[in-house]
Amino acid sequence: MIKLNQTHDINLTSWVTSANTNSDFPIQNLPFAIFKRKDKNEAYRGGVAIGTQVIDLAALAKLNLFTGTAQTALEAASQSTLNALMDLGVEANSALRLSLSKALQNNSPLQGALTTTLIPQTEIEFGMPCLIGDYTDFYTSIYHATAVGSLFRPDNPLLPNYKWIPIGYHGRSSTIGISGQDFNRPIGQTKAPDAIEPCFGPCKRLDYELEMGLFVGKSTQMGELIKIENAEQHLFGVCIFNDWSARDIQAWEYQPLGPFLAKSFASTISPWIVTMEALAPYRSEFSRPKTDPQPMPHLSSKQNSCYGSLDIDLSCFIQTKAMRDNQQTMAQLSQSNFKHSYWTPAQLITHHASNGCAMRAGDLLGSGTQSGPTYEEAGSLLELSKGGKTPIELPNGEKRTFLEDGDSIIMRASCSKQGAAKIGFGEVVATILPAKV
Ligand code: CA
């Protein structure tokens, strides 16, 4: 795991003054995205957020201000996807982060040159940060797994394998989109419990899932195992991930092989990827109740126990069409924290590769819905509405069991800790359009 270094110093400030007060993107963060300027016929390339600005990494690479592995990483980040940068691994990425941090600090001699590479974030549009070759979704919140299991299998909510292996399934990467990806309500086959036969039509129980997305860094070859002590050398960074779910399609199709069309119609990621190095100050201990099975030796290490979890505050909001029409602010649905996860990022990637499965730079691992122990920390409407039985009331008097056309879901994430700068992930937002029938 990456140790604290000079780039995390809470006292650092930037000559980009918007980074110094109340920003998701202070100099201690430096997250990556792929972008281009709006309405310009130009190539997508890598960018790093600083305050209200983005550093154009392709423009910066051309200035040849950095040297060695930092310049190599900068050139990799100039491409139209971040896959090459991710595949360079943590040392090269760390060298680039240190160079960027120094160049952006107050009194840097590079200020004049770097100023020419800044573009206001209001003038850019985002692309997908990388080519996601494979996407795996896990199920790491035991609170979510128990709540959902209770609804789908009241007699047997948590299956016996849950506490022994990180449960996951392989999803589709073809319909993962970037924040702002509006999509049509999915259509599918559903069967009401009392119906004799299923029917085909628009989903009636459309839901969101509040998740984190973990991007794989350095690739591995088929047959190459990842020791848990080295696991995070294969993780690049983290985004916010909304894994949209059609609960009625899911209930009918999910047995015996797991989720399929109930999940593959859309998933939305936030544009900025916060690197594992930026997250170093917000590590949290990982432990299990003594009465639970402890992780097997290959999924356990001292580091993982001391610092394996990530303390990331998560919040989820809704803005309905009526709220937009009446200029009302969005309403908070829940808040949770990634540290509640029953499995750590290191355990997920070690487990994933433990059968010899090759991991490729840019692969995406969804954490699973991050519900916490209390009702207010539920990460989906399925839980908040108790399986659709109890509508929730929004501040403007509207009610929801599941999502309606025109609803926008907004998710945010941030990290704060005594003695460290507060950093944020920005947000992921998407709006549901009517079904195409
Ligand atoms: Ca999910």
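Here we summarise the structure given alongside this text. (Residues numbered from 1 in each chain as written. Predicted model: local features only at pLDDT ≥ 70, side-chain atom pairs only at ≥ 80, totals over all residues. Heavy atoms only, no water.)

1. Examining empty space enclosed by the protein
Inclusion rule: The distinction between a cavity and a pocket rests on a 1 Å grid over the protein atoms alone: a 1.4 Å probe fits inside a cavity but cannot get out, while a pocket stays open yet meets protein on both sides within 12 Å along at least five of seven lines, and a residue with an atom within 4 Å of a point counts as lining. Grid points are joined across faces, edges and corners, and a volume is the space filled by probe spheres set on the points. The helix and strand labels rest on DSSP assignments: H or I over at least four residues marks a helix, E over at least two residues marks a strand, and numbering proceeds from the N terminus. Classes in brief: Ala, Val, Leu, Ile, Met, Phe, Trp, Tyr, Cys and Pro nonpolar; Asp, Glu, Lys and Arg charged; the others, Gly included, polar.
Applying the stated criterion to the full structure yields two cavities of 30 Å³ or more. What the largest cavity holds in volume is close to 150 Å³. Together, 17 residues line the largest cavity, and Val90, Asn93, Phe236, Thr275 and Met276 are the ones closest to its centre. Breaking the lining of the largest cavity down by element, the ones donating at least two residues are helix H4 (90-104) and strand E14 (235-242). No other element matches H4, which puts four residues into the lining of the largest cavity. A per-class count over the lining of the largest cavity returns eight nonpolar, six polar and three charged. When its volume is computed, the second largest cavity comes out at roughly 30 Å³. Around the second largest cavity, the lining residues are Tyr135, Tyr169, Gly171, Arg172, Asp243, Lys263, Ser264 and Ser267. When grouped by side-chain class, the residues that make up the lining of the second largest cavity number two nonpolar, three polar and three charged.

2. Points about H4
Note the threshold: Every helix has an expected span of 1.5 Å times one less than the residues it contains. Relative accessible area decides the class of each residue, using a 1.4 Å probe on protein chains only: under 20% of the type maximum gives buried, over 50% gives exposed, and in between gives partly exposed.
The first and last C-alpha atoms of H4 sit 21 Å apart over 15 residues, in line with the 21 Å expected at 1.5 Å per residue. Taken together, the buried positions of H4 are occupied by Ala92, Asn93, Ala95, Leu96, Arg97, Ser99, Leu100, Ser101, Ala103 and Leu104.

3. Regarding the nonpolar core
Convention followed: Buried residues of nine kinds, namely Ala, Val, Leu, Ile, Met, Phe, Trp, Tyr and Cys, make up a nonpolar core once their side-chain atoms join them within 4.5 Å. The criterion used for residue contact is that any of the two residues' heavy atoms lie within 4.5 Å.
By size, the foremost hydrophobic cluster in this structure holds 66 residues, and its most contacted members are Tyr208, Trp244, Leu279, Ile312 and Phe425. If one sorts the elements of this core by residue count, strand E26 (residues 423-433) sits on top with five residues. Setting aside residues up to four positions removed in sequence, leucine 279 forms contacts with Val238, Val274, Leu310, Ile312, Cys415, Ile423 and Phe425. Formed by 45 residues, the second largest nonpolar core is a distinct cluster that contains Phe32, Ala70, Leu104 and Phe215.

4. Thoughts on the packing of helix H2 (residues 68-76) against H4
What counts is decided by this rule: Only the contacting stretch of a helix is used when fitting its axis, a line to C-alpha atoms as for every element, and angles between N-to-C directions run 0 to 180 degrees. Small angles under 35 degrees read as roughly parallel and large ones over 145 as roughly antiparallel, with 65 to 115 read as roughly perpendicular and the rest as oblique.
Closest axis-to-axis distance for the H2/H4 pair is 8 Å, and the angle between their directions is 95°. Regarding the angle of H2 to H4, the classification is roughly perpendicular. Counting all contacts with H2, which are made through Thr69, Ala70, Ala73 and Leu74, the residues of H4 involved are Ala92, Ala95, Leu96 and Ser99. A class-by-class count of the residues in the contact of H2 with H4 yields six nonpolar, two polar and no charged.

5. Examining the coordination of the calcium ion
Heads up, the rule is: Any N, O or S atom lying within 2.8 Å of the metal counts as a donor, and for Na, K and Ca the limit rises to 3.2 Å; water is left out, so some sites can look incomplete.
Each protein donor to the calcium ion is listed here as Asp137 (OD), Glu209 (OE), Glu211 (OE) and Asp243 (OD); together their distances run 2.2 Å. Each donor residue of the calcium ion lies on one chain, and together they are spaced D-x71-E-x1-E-x31-D. By the burial criterion, glutamate 209 is buried, and glutamate 211 matches it.

6. Considering the pairing of E14
The line we're drawing: Two strands qualify as a pair provided that DSSP identifies no fewer than 2 bridges between them.
Among the eight residues in E14, eight count as buried, and that is most of the element. Bridge count between strand E13 (residues 210-216) and E14: seven bridges; the pairing is antiparallel. What sits directly across from leucine 214, in E14, is valine 238. Of the strand pairs in this sheet, E14 and strand E17 (residues 274-275) are connected by two bridges, and their pairing is antiparallel. In the strand pairing of E17, glycine 237 is matched with threonine 275.

7. Remarks on the packing of aromatic side chains
Here is the rule: In this scheme Phe, Tyr and Trp rings, the latter by its six-membered ring, pair at centre separations within 6.5 Å, and the angle between planes marks the pair as stacked below 30 degrees, edge-to-face above 60, and tilted otherwise. To sit over a ring, a charge needs its Lys NZ or Arg CZ within 6 Å of the ring centre and within 35 degrees of the ring normal.
Evaluation of the coordinates by the stated rule reveals ten aromatic pairs. Measuring from ring centre to ring centre gives 6.2 Å for tyrosine 139 and tyrosine 162, while their planes differ by 75°; the resulting arrangement is edge-to-face. You can see tyrosine 139 sitting in the loop between strand E6 (135-138) and helix H6 (142-152) and its partner tyrosine 162 sitting in the loop between H6 and strand E7 (168-171), a full 23 residues away along the chain. Assessed through its relative accessible area of 27%, tyrosine 139 is described here as partly exposed. Centroid distance tyrosine 342 to tryptophan 343: 5.9 Å. Interplanar angle 75°. Geometry classified as edge-to-face. Both residues of the pair, tyrosine 342 and tryptophan 343, count as buried. Over the aromatic face of tryptophan 343 sits the side chain of arginine 288, whose NZ or CZ is 4.4 Å from the ring centroid. One cation-aromatic arrangement involves arginine 412 over phenylalanine 317; the distance from NZ or CZ to the ring centre is 5.5 Å.

8. Thoughts on the pattern of salt bridges
Rules: One speaks of a salt bridge when a side-chain nitrogen belonging to Lys or Arg is within 4 Å of a carboxyl oxygen belonging to Asp or Glu.
One pass over the full model with this rule turns up 18 salt bridges. A salt bridge links aspartate 134 to arginine 360, with the nearest nitrogen and oxygen atoms 2.8 Å apart. Placement of aspartate 134 in the loop between strand E5 (124-127) and E6 and of arginine 360 in the loop between helix H10 (345-353) and strand E22 (364-366) is noted, with a sequence separation of 226 residues between them. Its salt-bridge partner being arginine 400, residue aspartate 407 comes within 2.8 Å of it at the nearest N-O pair. Take aspartate 407: its relative accessible area is 0%, and that puts it in the buried class.

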